[in-house]
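Breakdown of the fold
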Amino acid sequence: DKAPLSKSLLIVPSAISILLTLLFQHYQKFFAYNLQAIREEFQIWRLVCGRTVCLDLKDTFCSSLLIYNFRIFERRYGSRKFSSFLLGVWMLSALFDLLLVEITQYIFGITIKSLPSGFLGPVFALFVPFYSSIPRVQVTQVLGHFSITNKTLVYILGLQLLASGSYIWILALSGLVSGICYNSSILKVHRIICVPNWVAKIFSWTLEPIFSSAEPTNEVRVGMGATVDIQRQQRMELLDRQIMMSQVAQMRRQRQQQGGMINWNRLFPPLRHRHNANYQDRRPSEQDTPPPSEVSEEQVARLMEMGFSRGDALEALRASNNDLNVATNFLLQH
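Just so we're clear, the structure is a prediction, and the values are computed from it rather than from any experiment.

1. As for the overall build of the protein
Secondary structure assignment for the protein yields 20 helices and four strands. Taking all 334 residues of the protein together, the buried fraction comes to 42%. Looking at the protein as shown, the accessible area adds up to about 19,100 Å², and 59% of this sits on carbon and sulfur atoms.

2. Points about the UniProt feature "transmembrane region" (unreviewed entry) in the protein
With numbering matched to this structure, UniProt assigns "transmembrane region" (unreviewed entry) to residues 6-24, 85-108, 114-132 and 153-177. Overall, residues 6-24 shows 89% helix and 0% strand. The separation of its end C-alpha atoms is 25 Å. Secondary structure content for residues 114-132 is 63% helix and 11% strand, while the C-alpha to C-alpha distance between its ends is 32 Å.

3. Thoughts on the pattern of salt bridges
Applying the stated criterion to the full structure yields four salt bridges. Of the charged contacts in the structure, one is a salt bridge between R39 and E102, with a shortest N-O distance of 2.8 Å. Taken as a pair, R39 in helix α2 (residues 35-40) and E102 in helix α6 (residues 79-108) lie far apart in primary sequence, 63 residues in all. Given the relative accessible area of 30%, R39 is considered partly exposed.

4. Things to note about the packing of helix α1 (residues 4-22) against helix α4 (residues 57-69)
Any two packed helices are characterised by how steeply their axes cross, that is the angle between the axes, and by the distance between the axes. Two elements in contact, α1 and α4, have axes separated by 10 Å at closest approach and are oriented at 170°. On the basis of the axis angle, α1 is roughly antiparallel to α4. Along the contact surface, α1 presents S6, L9, L10, S14, S17, I18 and T21, while α4 presents L57, T60, S64, I67 and Y68. Class assignment for the residues of the contact of α1 with α4 results in six nonpolar, six polar and no charged.

5. Considerations on the packing of aromatic side chains
In the structure shown here, the tally under the stated rule is eleven aromatic pairs. Between F127 and Y155 the ring centres are 6.2 Å apart and the planes differ by 20°, which places this aromatic pair in the stacked class. In this pair, F127 sits in helix α8 (residues 127-133) while Y155 sits in helix α9 (residues 152-162), placing the two residues 28 residues apart along the sequence. For F127, a relative accessible area of 10% corresponds to the buried category. Owing to a relative accessible area of 30%, Y155 belongs among the partly exposed residues under this scheme. The interplanar angle of 75° and the centroid separation of 5.6 Å between the aromatic rings of F130 and Y155 together place this pair among those described as edge-to-face. Placement of the pair is F130 in helix α8 and Y155 in helix α9, with a sequence separation of 25 residues. Members of the aromatic cluster, joined through ring pairs, are F70, F73, Y77, F124, F127, F130 and Y155. Note that R71 overlies the ring of Y68, its terminal NZ or CZ placed 3.9 Å from the centroid.

Calculation notes
- Residues numbered from 1 in each chain as written.
- Predicted model: local features only at pLDDT ≥ 70, side-chain atom pairs only at ≥ 80, totals over all residues.
- Heavy atoms only, no water.
- Helix = DSSP H or I, 4+ residues; strand = E, 2+ residues; numbered from the N terminus.
- Buried < 20%, exposed > 50% of the residue type's maximum accessible area, 1.4 Å probe, protein only.
- Areas by Shrake-Rupley, 256 points an atom, 1.4 Å probe, with all protein chains shown as cover.
- UniProt positions renumbered as here; feature names shortened; annotations may be inferred.
- Salt bridge = Lys/Arg side-chain N within 4 Å of Asp/Glu carboxyl O.
- Axes fitted to C-alpha atoms, helices over the stretch in contact; angles between N-to-C directions.
- Parallel < 35°, antiparallel > 145°, perpendicular 65-115°, else oblique.
- Contact = heavy atoms within 4.5 Å.
- Nonpolar A, V, L, I, M, F, W, Y, C, P; charged D, E, K, R; others polar.
- Phe/Tyr/Trp six-rings, centres within 6.5 Å; stacked < 30°, edge-to-face > 60°.
- Lys NZ or Arg CZ within 6 Å of the ring centre and 35° of its normal.

Okay, here's the thing in structure tokens:
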């Protein structure tokens, strides 16, 4: 839902890859990322075919799962901005591929004639905004030392894709560098390489109705999580959150009647121990209750992007003293 470009990137290249592997193997040569043919025979069309469809089903599977996880960026930025990012890093990574191959040959004397084919450069480039803009939420710990977060599975998929070929590290490095360059505010690449508005309108009129999906009606709406793990947790903890909100509504009514403030230390035990370790020794009075801190609108917006309402985000940020990670953990656990 709300990610037609991600859906098309999942369906079309995966279907072509499966057909080439199972039925039309004699056509695989046209989709090989042959650098020697590009440099010596000037077959520039191989840059398009060889960098779009995977010829290895393992790469197809891993890249499809990553695109599915990264669909949050299309929902967050919009299809036009997301397609501009993919187009920009696709073009930059093609340049960096050739440059890294030349550097490898010059330094190590290794001649690389071909690279793994597929839409791999932009997939690795999406790890840059994923690392910088998706909040890290701890899910559990292994052996008491190793943290498992909502982003761990995505990084494991990236490592699996990285280990699937001998020269795929070149594609990974060029993709990461392309993602950094495109997101850089200094280089201003996003202003130079972008999808024109008229092109975006043409595709929205022609292809978007084909790949768009209706909003699911057989599930209870609980918001849109930033990752698959968060979405799953939101559904599992829907009842618990409803109980919490009923408690919040009750405390609000008491505050309106008494003219006081919500005692968050009493309502939320985890935050009680964080902010007031001596609560068990003495009960705070209204005069000891600190005034509410100012809430950052940017942090409120980030919580709303994860599917929480503005009221929930404001209350959680105030209760956690403007700590985004604590507020996110609290909203997911309650």
